[in-house]
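Remarks on the overall topology
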Amino acid sequence: MSAADQIFAMLKESSQSGAPLYLQLRKSIEEAVNRGLIGPGDALPSERDIASKADISRVTVRKAVQDLVKGGLLVQRHGSGTFVAPRMERVEQSLSRLTSFTEDMARRGMSVRSVWLDRGLFAPSPDEMMVLGLSSTELVARVSRLRVANDTPLAIERAAISASVLPDPEAIGSSLYATLGLTGNRPVRAVQRISATNLGDSDARLLEVPPGVAGLHIERISYLASGKVIEFTRSVYRGDAYDFVAELRLTGPGEESRP
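First things first, this report covers the structure right here in the doc. (Residues numbered from 1 in each chain as written. Predicted model: local features only at pLDDT ≥ 70, side-chain atom pairs only at ≥ 80, totals over all residues. Heavy atoms only, no water.)

What follows covers empty space enclosed by the protein. Think of a ball as big as a water molecule: rolled over the atoms, this probe shows where empty space is left. Counted according to the given criterion, the structure contains two cavities of 30 Å³ or more. Of the volumes computed, that of the second largest cavity is approximately 30 Å³. If you go around the second largest cavity, the residues you meet are Leu-132, Ser-162, Val-165, Lys-228, Val-229 and Ile-230. For the lining of the second largest cavity, the class distribution of residues is four nonpolar, one polar and one charged. (1 Å grid on protein atoms, 1.4 Å probe; cavity = no way out; pocket = protein on both sides within 12 Å on 5 of 7 lines; lining within 4 Å. Points joined across faces, edges and corners; volume = space filled by probe spheres on them. Nonpolar A, V, L, I, M, F, W, Y, C, P; charged D, E, K, R; others polar.)

Moving on to helix 4 (residues 58–70). Compared with an ideal rise of 1.5 Å per residue, which puts 13 residues at 18 Å, helix 4 spans 18 Å between its outermost C-alpha atoms and is within 8% of the ideal. Those residues of helix 4 lying buried are Thr-60, Val-61, Ala-64, Val-65, Leu-68 and Val-69. Where helix 4 is buried, its residues contact helix 2 (21–34), helix 3 (47–54), strand 1 (74–77) and strand 2 (81–84). Of the residues trailing helix 4, Gly-72 is marked for its positive phi of about 90°. (Helix = DSSP H or I, 4+ residues; strand = E, 2+ residues; numbered from the N terminus. Expected span 1.5 Å × (residues − 1). Buried < 20%, exposed > 50% of the residue type's maximum accessible area, 1.4 Å probe, protein only. Contact = heavy atoms within 4.5 Å.)

Attention shifts here to the packing of helix 2 against helix 4. For the pair helix 2 and helix 4, the least separation of the axes is 8 Å and the interaxial angle reads 50°. Classified by the interaxial angle, the pair formed by helix 2 and helix 4 is oblique. The interaxial crossing formed by helix 2 with helix 4 has right-handed handedness. Contacts between helix 2 and helix 4 involve Leu-21, Tyr-22, Leu-25, Arg-26, Ile-29 and Glu-30 from the first element and Thr-60, Val-61, Lys-63, Ala-64, Val-65, Asp-67 and Leu-68 from the second. A breakdown of the residues in the contact of helix 2 with helix 4 according to their chemical character gives eight nonpolar, one polar and four charged. (Axes fitted to C-alpha atoms, helices over the stretch in contact; angles between N-to-C directions. Parallel < 35°, antiparallel > 145°, perpendicular 65-115°, else oblique. Left-handed = near helix turned anticlockwise from the far one by under 90°.)

Moving on: unusual backbone geometry. Unusually for a residue other than glycine, Glu-208 sits at a positive phi of about 60°. Mapped onto the elements of the fold, Glu-208 is located in the loop between helix 8 (201–207) and strand 8 (214–223).

A few words on the environment of Ala-163. If you trace the backbone, Ala-163 turns up in the loop between strand 6 (152–162) and helix 7 (176–181). With residues near it in sequence (within four places) discarded, Ala-163 still touches Leu-121, Leu-139, Val-140 and Ala-141.

On to the sheet that holds strand 4 (residues 112–122). Read across the open sheet, the six strands follow the order 4-5-6-9-8-7; overall the sheet is antiparallel. The two strands at the open ends of the sheet, each matched to only one other strand, are strand 4 and strand 7 (189–198). Neighbour-to-neighbour, the strand axes of this sheet turn through a mean angle of 15°, independent of strand direction. (Pairing = 2+ DSSP bridges.)

Take a look at the structure:
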């Protein structure tokens, strides 16, 4: 049975739901993928084939397909067609440990590389002045990188550090934390705030996902043992690739006051 026939069979199963046709078709394609009838990298039948088999309009087919592209289940390649998106191996990261991306991926046996987007010395923004404790006459080192593991782009990191701590951003090798450690400025703790976001066009293009898909926005303020803020980072992570995990403990009577 062809992929178009399989999707049509799924569509007949859901035709009794009374939902709009494009939602029925979307569900049918999702079911075909989830059941392994069409797998990652397989080409989706053309709009014409699906419309003909299901006896629905190509406009309806196009709407269902576009919804699935936005959701990340399908990918469209100009001039080639529509394909089932590769399955992402999700990365689980603990929220209780402060590690660099390089160290985190190395522990998983994943090859890691960075694509530099920008690095240099700049006048600080109001946010950078407030968080890093800089005056308007001081400079801030900004480093922006696309982080790639096993040839899959996972995150865009944009870090800001006082230029007095990092006077030469070009000196950073594979790990920012390793570079900071050479001068005794590696952070020992951090506060992270994680929020949901929809990826804009430029970030989505770098992360190789459709614009508007779900992502994670992470703001991190890192500290030295002395309590001084050393790093202010705002990052965007792929929502289909990352799971952040925190261990929670139930406190007993009187434990709230413990340091």
